[in-house]
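A look at the structure
Below are the chains, spelled out letter by letter.
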Amino acid sequence: MASSPAVLMRLVASSYAVAEQAGSVVRNVLQSGELGIVEKTGANDLQTLADRLVQKSICASLSRSFPKVTIIGEEDLPVEAVEENLIESGQNSVILQKSCPNQYASLKEEELVVWVDPLDGTKEYTEAARVLYHPVYIQKPVHHHRTPTRLLDHVTVLIGIAYGGKAIAGVINQPFYNYQLGAGASLGRTLWGVLGLGAFGFQLQEVPDGKRIITTTRSHSNKLVTDTIQAMEPHDVIRVGGAGNKIIQLVEGKASAYVFASPGCKKWDTCAPEAILHAVGGKLTDMHGNAYRYNADVKHMNSAGVLATLRDHQYYLSRVPQAVLEALSSD
Ligand code: AMP
Ligand code: MG
Ligand code: MG
């Protein structure tokens, strides 16, 4: 290839490097024990020092390399200079070497919108920290799966890329992947995908045929959510934190549907996960079966809920109770 890589591939390669650095910030803040927790709209809507630092890092790094791209981050932060040590200018070389799908090869920076969730699963991150730094556990470590440290897997960093209102590429870093292996293990992994190219950084697997395993929220449930799940007659229900984490469960064959029949998730929660899921043939819609749009001017809230599957999307859609459809307007 004589010409330089397409803008989209350079943006994905940068997002990959930036997401890896973000993962180390998330680990370092946990290790420091000083989370700097702030309640946003309430006790179920939190922000930590890691959310703030990572958003600054991602937004400043990407806007320095791609000044014309529109970048929208979850956190509402005061405008201030970003420390140089938070700037990541690297690019993943494997991604740079892949050829860009034809339909995106001539996209321009100004046509792209990046949706950033600096830390998805903040609630679980703070709960894990509370246990890790509780004096009882510091003195006497408890076997991991009996304690909320298992919640560390729920935490991800999400960078989604949209064009023409559609999620076309995404990067997910899971900072604590492999933490069960204990001291010395190298922590974290990065998954990424581009529509028309595929998704990488994990092994695609499906739940055995006919088995309905639903993954859903553990901290933002309500009657709409539970009524909908019940109507789908699942064989099993898994309650975990994070939109990114739940999409990872779908593509790794741990769950067959991600069901959240409620407002609460925002565009930065679904953009990167949706792109990766769609890159491997899955589907993410609202509870009516409509696609979400990711243009720069859209409303942030995914008001009509989230339904994501690798296959059999129609089955889950057909089971959504009428009362739930009426309660969740798609606007
Ligand atoms: P969950 O599955 O509960 O971890 O939610 C996935 C994402 O949506 C996380 O980023 C949550 O913070 C967000 N979310 C879902 N429901 C709510 C809510 N009621 N209030 C605030 N954020 C929410
Ligand atoms: Mg989130
Ligand atoms: Mg977040």
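Nothing here was measured: the structure is a model prediction, and the numbers come from that model. (Residues numbered from 1 in each chain as written. Chains lettered and ligands numbered in written order. Predicted model: local features only at pLDDT ≥ 70, side-chain atom pairs only at ≥ 80, totals over all residues. Heavy atoms only, no water.)

On a plain count of helices and strands, the protein comes out with ten helices and 13 strands. With respect to the principal axes defined by its C-alpha atoms, the protein has extents near 55 × 50 × 35 Å. Surface exposure of the protein reaches about 14,400 Å², of which carbon and sulfur atoms provide 49%. (Helix = DSSP H or I, 4+ residues; strand = E, 2+ residues; numbered from the N terminus. Areas by Shrake-Rupley, 256 points an atom, 1.4 Å probe, with all protein chains shown as cover.)

Our focus in this paragraph is the side chain of Glu 274. Inspection of the secondary structure puts Glu 274 in helix H8 (residues 267–279). Here Glu 274 sits buried without a salt bridge, and the closest side chain of opposite charge, Lys 166, lies 8.1 Å off (N-O distance). (Buried < 20%, exposed > 50% of the residue type's maximum accessible area, 1.4 Å probe, protein only. Lys, Arg positive; Asp, Glu negative; His and termini not counted. Salt bridge = Lys/Arg side-chain N within 4 Å of Asp/Glu carboxyl O.)

Attention shifts here to the side chain of Thr 217. One can find Thr 217 in the loop between strand E9 (213–216) and helix H6 (223–231). Polar side-chain contacts of Thr 217 include one of 3.3 Å to the backbone nitrogen of Ser 219. Reaching out from Thr 217, the side chain makes a polar contact with the backbone nitrogen of His 220 at a distance of 2.9 Å. Every residue in contact with Thr 217, bar those within four places of it in the chain, is listed here: Val 225, Arg 239, Val 240, Lys 246 and Phe 260. (Polar contact = N/O pair within 3.5 Å; in protein donor to acceptor, adjacent residues only side chain to side chain. Contact = heavy atoms within 4.5 Å.)

Looking now at unusual backbone geometry. Phi is positive for Asn 178, close to 80°, though the residue is something other than glycine. Along the chain, Asn 178 falls in the loop between strand E6 (166–174) and strand E7 (189–194). Looking at Asn 178, the relative accessible area reads 25%, which means it is partly exposed. Here Glu 233, not a glycine, exhibits a phi torsion of approximately 50°, which is positive. Looking at where Glu 233 falls in the secondary structure, it is placed in the loop between H6 and strand E10 (236–239).

The coordination sphere of the magnesium ion (ligand 2), as far as protein atoms go, consists of Asp 117 (OD), Asp 120 (OD) and Asp 269 (OD), spread over 2.0 to 2.2 Å. Taken in chain order, the donor set of the magnesium ion (ligand 2) reads D-x2-D-x148-D. The two metals, the magnesium ion (ligand 2) and the magnesium ion (ligand 3), are separated by 3.6 Å and share Asp 117 as a common coordinating residue. Note that Asp 120 is positioned in strand E4 (residues 112–120) and Asp 269 in helix H8, a separation of 149 residues in sequence. Accessibility assignment for this pair places Asp 120 and Asp 269 in one class, buried. (Donors = N, O, S within 2.8 Å, 3.2 Å for Na, K, Ca; no water.)

Note on metal sites: the ideal angle is 109.5 degrees for four tetrahedral donors, and 90 or 180 degrees for six octahedral donors. Here the magnesium ion (ligand 3) is held by Glu 74 (OE), Asp 117 (OD) and Leu 119 (O), and the distances to it run 2.2 Å. Going along the chain, you hit the donors of the magnesium ion (ligand 3) in the pattern E-x42-D-x1-L.

This part takes up the site of ligand 1. With respect to spatial proximity, 14 residues lie near ligand 1, and among them Thr 217, His 220, Gly 242, Lys 246 and Asp 269 are the closest. Within the backbone of Gly 264, an N or O atom sits 3.3 Å from a nitrogen atom of ligand 1. Protein chains bury 83% of the 470 Å² of accessible surface belonging to ligand 1 in isolation. Taken together, the residues of the shell around ligand 1 break down into three nonpolar, six polar and five charged. (Near = heavy atom within 4 Å. Nonpolar A, V, L, I, M, F, W, Y, C, P; charged D, E, K, R; others polar.)

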